[in-house]
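Working through the structure, step by step
The chain contents come next:
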Amino acid sequence: MIQKEHLIDAVVCRENDNVLEVSRILRDTQRRHLIVLDKEDKPVGIISTVDLNNRVLAEEKDPKKLKAKEIMTKSTKVVSIEDTYEKAFQIMAELGTYSIPVVRNGKLLGLLEFTRAFNLKQVGGK
Amino acid sequence: MGLRDLVHKMPETRKELSDYVIKNNRHVKKLIEKNPDYKSALEEAVSSTFDKYSEYLKGWKNKLSGAGHVVGYTADAWLFATGDIIGTLGGKFINFLAQMPEKAYSLAYAVRTGNYLDAAQNILEGALSYIPGLTFADQGLTRIIQKRMASDALTKFEKEVGIYKSWTAKVADTLKGLYKGVKDRAKNVFTPVYEPKLALQRA
């Protein structure tokens, strides 16, 4: 089972936030991606700085008029706090990502990093 | 008290911890000079922090580690003086054995307090210090905990007097003036709240 103390802060936005706000959240937190949440704090997508470039700037779209849900990558993979580090590691390895959102009853708790999942998997998940 | 304390003394008592926080944080000193009531807020923060960590500063493991460091430093000096790598590694091995109980104890400390990074730092520094000439790389668990105490006491004090800044506020401060519409984005951060079970049982 994944321990809460092994998670790190997750930067988030709401699905109805406009893209200008999303880009400013990324700037103000110095992160490269954020998790998009619905009204119930459930992760519904992910937006990276590359998405902002490819789906907004390069397409000449207006960031004030676009909403986060219109440019996010949908169906974000998540793991439950009750899952194992092994499972989290395998999902990240398959997706080629460096972190994965961890949820309890579908609600976001934080992020688990790839290296931490790998290390904890090696020592039996404790 | 370790050899490093001869150069930079770390706090071992409540009074020393309080003085250390004031000495190393100018803004705390200024606040207390302006308003002496803040001194009691600092004393409270120091006291609760010291109560939490003081038990991990005692014990034979820490003393054995300190003695091991003396052997390690001697081995390093022997290497620099004679170039005898075999003799040095012998001394370093004694140091290595002397560090084992303390490194194992650092895991128990981490589980009870939630400070996993402290334990990881202690173990990594210990591994690095086994390289001839690098005994100084291992500051020991005691010193890591003393630094943690100073940092925790400062955080508690800052929260108490309302000047604590989260990482989001600090990032925003550095960006203000550079870009338009910079804000503290604390509301956009989900922080996993962790209370160590063992620490709660002890309280």
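Remember, predicted model here, so these are calculated numbers, not experimental data. (Residues numbered from 1 in each chain as written. Chains lettered and ligands numbered in written order. Predicted model: local features only at pLDDT ≥ 70, side-chain atom pairs only at ≥ 80, totals over all residues.)

On to the sheet that holds strand β6 (residues 99-104) of chain A. All names here are of chain A. Judged by pairing direction, the sheet is mixed, and its three strands sit side by side in the order β5-β6-β7 without closing on themselves. Two strands bound the open sheet, and with one partner strand each, they are β5 (79-80) and β7 (107-113). Sheet analysis places β6 next to β7, joined by six bridges and oriented antiparallel. Counted as the bridge partner of V103 is L108 from β7. (Pairing = 2+ DSSP bridges. Helix = DSSP H or I, 4+ residues; strand = E, 2+ residues; numbered from the N terminus.)

Moving on: the packing of helix α5 (residues 60-82) of chain B against helix α6 (residues 85-113) of chain B. Residue and element names in this part refer to chain B. For the pair α5 and α6, the least separation of the axes is 8 Å and the interaxial angle reads 160 degrees. Of the possible angle classes, the one that applies to α5 and α6 is roughly antiparallel. The two elements α5 and α6 meet at a crossing, and its hand is left-handed. Within the contact of α5 with α6, the residues separate by chemical class into 11 nonpolar, 11 polar and three charged. (Axes fitted to C-alpha atoms, helices over the stretch in contact; angles between N-to-C directions. Parallel < 35°, antiparallel > 145°, perpendicular 65-115°, else oblique. Left-handed = near helix turned anticlockwise from the far one by under 90°. Nonpolar A, V, L, I, M, F, W, Y, C, P; charged D, E, K, R; others polar.)

To continue, consider the interface of chain B and chain A. Contacts between the two partners involve 17 residues from chain B and, on the opposite side, 17 residues from chain A. Elements represented by at least two residues in the side of chain B that touches chain A include exactly α9 (167-175) and β1 (189-190) of chain B. For the side of chain B that touches chain A, the leading source of residues is α9 of chain B, giving four residues. For the side of chain B that touches chain A, the class distribution of residues is 10 nonpolar, five polar and two charged. (Contact = placed C-beta atoms within 7 Å.)

Across the sheet, which stays open at both edges, the five strands sit in the order β4(A)-β3(A)-β2(A)-β1(A)-β1(B) with mixed pairing between neighbours. The sheet is open, and its two borders are formed by β4 (73-74) of chain A together with β1 of chain B, each paired with just one other strand. Both strand β1 (residues 10-14) of chain A and β1 of chain B contribute to a ladder of two bridges, which runs antiparallel. The residue bridging A10 of chain A from the neighbouring strand is F190 of chain B, located in β1 of chain B.

Residue and element names in this part refer to chain A. The sheet contact formed by strand β2 (residues 33-37) and strand β3 (residues 43-48) spans five bridges and is antiparallel. Opposite V36, over in β3, you have G45 as the bridge partner. With antiparallel pairing between neighbouring strands as the criterion, β2 and β3 make up a hairpin whose turn holds five residues, including D41 at a positive phi of roughly 65 degrees. As paired strands, β3 and β4 are joined by two bridges and run antiparallel to one another. Considered in β4, the bridge of I46 is made with T73.

From the geometry alone we can't say anything about function, so treat these as descriptive.
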